[in-house]
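So you can see what is in the structure, the chains are spelled out below.
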Amino acid sequence: MERLINFLVKLYKSKLAYILRHTLRAMFPLILVGSFAAVLRFSFFSTSGYVSTIIDLNRWLPFYRQFGQITKIIFECTINVIAVYAAFFSTHYTVSAYQKNIPGAGAVGLFAYLIIAYQATSQDSLAFNNYLLSQGMLIAIIVGYLCGRLLVLFAKSKEIQLNQIIKPVVIISIIAVIVNMTLGLFVRLSLPTYVASFITINSSVKAFWYVIGLGTLTDVMAIFAIGGPFINSPSFTDAPSWANLMHALRTGSVWNAPFKYTDTTIFHSFANFGGSGCVLALIIAILIVSRETRYRSISKWSLFPAIFNDHYPMMLGIPILYNPIFFIPFVVAPLVNMLISGALLSLNWIPAAVYPVPAGTPAPLIALVGTNGNWGSFILSTCLIIIDVLIYIPFVRVAEEIAKKVGVVDNDD
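What counts and how
- Residues numbered from 1 in each chain as written.
- Predicted model: local features only at pLDDT ≥ 70, side-chain atom pairs only at ≥ 80, totals over all residues.
- Heavy atoms only, no water.
- Helix = DSSP H or I, 4+ residues; strand = E, 2+ residues; numbered from the N terminus.
- Buried < 20%, exposed > 50% of the residue type's maximum accessible area, 1.4 Å probe, protein only.
- Core = buried A, V, L, I, M, F, W, Y, C linked by side-chain atoms within 4.5 Å.
- Domains from an automatic or database assignment.
- Contact = heavy atoms within 4.5 Å.
- UniProt positions renumbered as here; feature names shortened; annotations may be inferred.
- pLDDT = per-residue confidence, 0-100.
- Patch = residues over 30% accessible without salt bridge, like charges linked within 9 Å, V, L, I, M, F, W, Y side chains within 5 Å.
- Areas by Shrake-Rupley, 256 points an atom, 1.4 Å probe, with all protein chains shown as cover.
- Salt bridge = Lys/Arg side-chain N within 4 Å of Asp/Glu carboxyl O.
- Axes fitted to C-alpha atoms, helices over the stretch in contact; angles between N-to-C directions.
- Parallel < 35°, antiparallel > 145°, perpendicular 65-115°, else oblique.
- Nonpolar A, V, L, I, M, F, W, Y, C, P; charged D, E, K, R; others polar.
- Expected span 1.5 Å × (residues − 1).
- Bend = angle between axes of the 7 residues up to and from the residue.
- Polar contact = N/O pair within 3.5 Å; in protein donor to acceptor, adjacent residues only side chain to side chain.
- Phe/Tyr/Trp six-rings, centres within 6.5 Å; stacked < 30°, edge-to-face > 60°.
- Lys NZ or Arg CZ within 6 Å of the ring centre and 35° of its normal.

## What to know about the environment of R59
Item 1. For R59, the location among the structural elements is in helix 4 (residues 57-60).
Item 2. Judged by relative accessible area, which is 70%, R59 ranks as exposed.
Item 3. A C-alpha to C-alpha distance of 9.7 Å links R59 and T47, two positions 12 residues apart in sequence.

Listed below in structure tokens is the structure:
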């Protein structure tokens, strides 16, 4: 264990770790505001939102529609364009890591990424690719890093004049255009449709392991800031969801649904507490055992969004993204949840969640609402969160020990 900790400390002190850590931390305040806005928008200021439907918020709150518009604006300018900020700060801190002072370095990375993200649409017009802006953080960080390295390469001294960056900016622009044209050749695969069709034509055993596999893949991709097959909330428009809902309406019962094993009944109901990786459990674990001031402060700020399944503040604030310490619990905790809930579904100890869940429903209540008030599902959710906290606690202690060992480095950053 000591060797592993020493290796992680050494890795933590590397230039690449410096760039990633500072890029994500610099984005944290913006993304925290965006996460609060997202929760308010989807749960409070949407007529179909969880809190709004419970207390009829739209009926009695003055300026309800205006509040909704404000939260949407903040959400669109933060979470929905998160990759833009990543490109800017990645370039800035890459230049900083190599001890260069290049005016406007971050703007160069931002410029390059905007060129890459400006793609042709199906109507032969040009528009920013929403996927690259909202889920392209990894690509943006790589683009920013490469832009920063190229700027550093042309910097002959620690200080560089504005007229000296014209040549690297021209080269970066040409490369960005080539990348743009290359990306335009690829068409994004519609995985949710494929998942639904697989479930309807295969046995329940195959469907179960297929959902487990794709759910795990989603969490693995999430820690690298890549959108996975189950990254979006359930739409309840696919064939298995419709069949389950029709069964419940026809029989008046949620038991014995024809398709027990889907992304809705397993992944979204039981493996997604607080967002990908069961981030809510990590927050609880930190608040219980950690004495690291920064960890506790970030966790307290992130608790409200996490309750409503928004994981962005923790992903960037700790950070969890690209963090080898939290990789294992981030993937294992949801996997354990899916295996346990799937086993209980197969034994018919709990019913499948077949009813549509309002947007912004708190994480522990998703299964309860989806099963129309089955308390067994709620008890299971509570038990799974406790298990997830126990899974995270040892890794929180390791992370805290590493943070203490590199504390002097952090103070010098």
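## A closer look at the nonpolar core
Item 1. Counting residues in hydrophobic clusters, the biggest one holds 109 residues, and the most contacted among them are Y113, M137, M314, L316 and I320.
Item 2. Broken down by element, this core gets its largest block of residues, 12 residues, from helix 20 (residues 375-405).
Item 3. Viewed by domain, this core spans two of them, domain 1 (80-189) and domain 2 (192-406), each represented by three or more residues.
Item 4. Setting aside residues up to four positions removed in sequence, L316 forms contacts with L24, R25, M27, I31, I82, M137 and L321.
Item 5. One finds V39, F45, L57 and F308 within the second-largest nonpolar core, a separate group that totals 8 residues.

## Digging into the UniProt feature "transmembrane region" (unreviewed entry) in the protein chain
Item 1. The UniProt record annotates "transmembrane region" (unreviewed entry) at residues 28-50, 70-90, 102-120, 132-153, 165-187, 207-226, 270-291 and 375-395.
Item 2. In this annotation, residues 132-153 is assigned 91% helix and 0% strand; the end-to-end C-alpha distance for the span is 27 Å.
Item 3. Helix makes up 55% of residues 270-291 and strand 0%, and the two end C-alpha atoms of the span are 29 Å apart.

## Focus: the confidence of the model for the protein chain
Item 1. On average, the protein chain scores 85 in pLDDT, and the residues at 70 or more come to 88%.
Item 2. Here helix 21 (residues 407-412) stands out as the least confident element of the protein chain, with mean pLDDT 49; helix 15 (residues 279-289) is the most confident, with 95.
Item 3. Of the regions scoring below 50 in pLDDT, residues 187-191 engages in 3 contacts with residues more than four places distant in sequence or in other chains.

## Regarding a nonpolar patch on the surface
Item 1. Where nonpolar side chains cluster on the molecular surface, the patch consists of V33, F63, F67, I70 and I74 and spans about 460 Å² of accessible area.
Item 2. A total of 3 residues in the nonpolar patch trace back to one element, the largest contributor, which is helix 5 (residues 64-77).
Item 3. Residue placement: F63 occurs in the loop between helix 4 and helix 5.
Item 4. Of the residues examined, F63 reaches a relative accessible area of 58% and is grouped as exposed.

## Brief notes about the packing of helix 2 (residues 15-44) against helix 16 (residues 293-307)
Item 1. Helix 16 packs onto helix 2 with a crossing angle of 25° between their chain directions and a minimal axis gap of 8 Å. The orientation of helix 2 with respect to helix 16, classified from their angle, is roughly parallel. Residue-level contacts link R25, F28, L32, S35, F36, V39 and F44 of helix 2 to R294, I298, W301, S302, F304 and P305 of helix 16.
Item 2. Considered class by class, the residues forming the contact of helix 2 with helix 16 number 9 nonpolar, 2 polar and 2 charged.

## Details of the pattern of salt bridges
Item 1. Within this structure, the stated rule accounts for 2 salt bridges.
Item 2. For the salt bridge of E76 with R41, the shortest nitrogen-to-oxygen distance reads 3.9 Å. One end of the pair, E76, is in helix 5; the other, R41, is in helix 2, with 35 residues separating them in the sequence.
Item 3. Using a relative accessible area of 18% as the deciding quantity, one classes R41 as buried.

## Overview of the environment of K100
Item 1. Mapping K100 onto the fold places it in the loop between helix 6 (82-97) and helix 7 (105-117).
Item 2. For K100, a relative accessible area of 22% puts it in the partly exposed group.
Item 3. Taking the C-alpha atoms as reference, K100 lies 6.9 Å from V152; in sequence the two are 52 residues apart.

## Notes on helix 20
Item 1. When the terminal C-alpha atoms of helix 20 are compared, their 45 Å separation across 31 residues agrees well with the 45 Å that a helix rising 1.5 Å per residue should span.
Item 2. Of all the bends in helix 20, the largest measures some 30° and sits at Y392, one to four residues before the proline P394.
Item 3. Near the N-terminus of helix 20, the side chain that reaches the backbone nitrogen of G376, with its oxygen 3.2 Å away, is that of N374.

## Considerations on the environment of I223
Item 1. You can see I223 is positioned in the loop between helix 12 (204-222) and helix 13 (239-251).
Item 2. Assessed through its relative accessible area of 1%, I223 is described here as buried.
Item 3. When the C-alpha atoms of I223 and F326 are compared, they prove to be 9.0 Å apart, with 103 residues separating the residues in sequence.

## Regarding the side chain of Q119
Item 1. Tracing the sequence through the fold places Q119 in strand 1 (residues 118-120).
Item 2. By relative accessible area, Q119 is classed as buried at 8%.
Item 3. A polar contact of 2.7 Å, which involves the side chain of Q119, links it to the backbone oxygen of I116.

## Describing the packing of aromatic side chains
Item 1. In total, this model carries 15 aromatic pairs according to the counting rule given.
Item 2. Relative to F75, the ring of F42 has its centre 5.5 Å away and its plane inclined at 85°; by these criteria the two rings are edge-to-face. Of the two residues, F42 is situated in helix 2 and F75 in helix 5; the sequence distance between them amounts to 33 residues.
Item 3. Overall, the relative accessible area of 35% leaves F42 in the partly exposed class.
Item 4. Among the aromatic residues, those joined into a ring-pair cluster are Y18, F88, F89 and Y93.
Item 5. Above the face of the Y98 ring, K15 is positioned so that its terminal group lies 5.4 Å from the ring centre.

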